[in-house]
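Each chain is listed here by its residues.
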Amino acid sequence: MLFNFEMDFALSLRCVPMIVRMKLDLCGVKLSLRQWSRFTRQDRQALVDRPAATPPEWTAYRSFLVHLIRTRAGEEPKLLPPARTETWQLADGVPDAIRLKAQSSGLRAPTPEQWRHLSCLQRFALVKLTRPGHENQNFGPALREFLDTEA
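Basis of the calculations
Residues numbered from 1 in each chain as written. Predicted model: local features only at pLDDT ≥ 70, side-chain atom pairs only at ≥ 80, totals over all residues. Heavy atoms only, no water. Buried < 20%, exposed > 50% of the residue type's maximum accessible area, 1.4 Å probe, protein only. Helix = DSSP H or I, 4+ residues; strand = E, 2+ residues; numbered from the N terminus. Domains from an automatic or database assignment. Contact = heavy atoms within 4.5 Å. Buried area = accessible area lost by both parts, 1.4 Å probe. Salt bridge = Lys/Arg side-chain N within 4 Å of Asp/Glu carboxyl O. Polar contact = N/O pair within 3.5 Å; in protein donor to acceptor, adjacent residues only side chain to side chain. Nonpolar A, V, L, I, M, F, W, Y, C, P; charged D, E, K, R; others polar. Phe/Tyr/Trp six-rings, centres within 6.5 Å; stacked < 30°, edge-to-face > 60°. Lys NZ or Arg CZ within 6 Å of the ring centre and 35° of its normal. Core = buried A, V, L, I, M, F, W, Y, C linked by side-chain atoms within 4.5 Å.

*Asks:* Help me out: how do you make sense of helix H8 (residues 120–128) in this one?
*Replies:* With respect to burial, H8 is a largely interior element, 8 of its 9 residues being buried. For H8, every residue scored as buried is listed here: Leu 121, Gln 122, Arg 123, Phe 124, Ala 125, Leu 126, Val 127 and Lys 128.

*Asks:* Help me understand the domain arrangement of the protein chain in this model?
*Replies:* Its domain assignment divides the protein chain into domain 1 (4–79) and domain 2 (87–147). Distance between the C-alpha centres of domain 1 and domain 2: 23 Å. Listed by partner, the interface residues are 9 residues for domain 1 and 15 residues for domain 2. Buried area between domain 1 and domain 2, summed over both chains or domains, comes out near 1,100 Å², and the portion from carbon and sulfur atoms is 68%. Three residues, Phe 5, Arg 21 and Met 22, lead the burial of domain 1 against domain 2; their summed loss comes to 53% of the area buried on that side. The interface formed by domain 1 and domain 2 includes 1 salt bridge. Ionic pairing is found between Asp 25 and Lys 128, a salt bridge with its closest N-O pair at 3.1 Å. Remark: the boundary between domain 1 and domain 2 carries 3 residue pairs in polar contact (both at pLDDT 80 or more). Of the residues forming the side of domain 1 that touches domain 2, the biggest block, 6 residues, is contributed by helix H2 (residues 18–27). Tallied by class, residues from the side of domain 1 that touches domain 2 come to 6 nonpolar, 1 polar and 2 charged.

*Asks:* Please clarify how the pattern of salt bridges should be interpreted in this entry.
*Replies:* Oppositely charged side chains may form a pair once their charged atoms are brought near each other. Tallied over the entire structure, the rule returns 5 salt bridges. Linking Glu 75 and Arg 34 is a salt bridge whose minimum nitrogen-to-oxygen distance equals 2.2 Å. With Glu 75 in the loop between helix H5 (55–73) and strand S2 (78–79) and Arg 34 in helix H3 (residues 33–38), this residue pair connects regions lying 41 residues apart in the sequence. Judged by relative accessible area, which is 21%, Glu 75 ranks as partly exposed.

*Asks:* Before we go on, may I ask you to explain the packing of aromatic side chains in this structure?
*Replies:* The description of an aromatic ring pair uses the distance of the two centres, along with the angle that the planes make with each other. On inspection of all chains with the given rule, the structure shows 5 aromatic pairs. Positioned above the aromatic ring of Phe 64, the side-chain terminus of Arg 50 is 4.0 Å from the ring centre.

*Asks:* Hey, could you run me through the nonpolar core in this one?
*Replies:* Generally speaking, a soluble globular protein has its nonpolar side chains buried in company with each other. In terms of nonpolar packing, the biggest core is built from 43 residues, with Val 20, Leu 47, Leu 65 and Leu 126 touching the most fellow members. Those elements that provide at least two residues to this core are H2, helix H4 (41–49), H5, helix H6 (96–104), H8 and helix H9 (139–147). The element best represented in this core is H2, accounting for 7 residues. Residue-level mapping places this core at the junction of two domains, with at least three residues from each of domain 1 (4–79) and domain 2 (87–147). For Leu 65, the contacting residues outside a window of four places in its chain are Leu 24, Cys 27, Val 29, Leu 31, Phe 39 and Leu 47.

Right under this line is the structure:
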């Protein structure tokens, strides 16, 4: 699944889409853009399509990704602790980072009810888009897309 706000750069899969970024966090593997660029188009699509919703799927995804990094990029992967209690995984309460980013962007933050109704991937994207070094200009478009509003 690709979001509308990322279509201009993710449709070609030249950049790592949010769905893959979330799966990386879930399986605990750090992937650089340089490593991503060494993957074939089919490898990248497989990482988009491959499931990673359950512990066994996280393990399989991690194994597949580790194999790709070793064979395509010729490097040892950097392993991290898998995400298990991140703010985007919790549907109760809008994280401060989201409220602050919305406020500084002149937008309305999601209400607690709206936050609860967002998918895990939507919450992940919003949290990631508040962090330094990420495509923060996409926060507004993402928030409007997810809340189906002019925010």
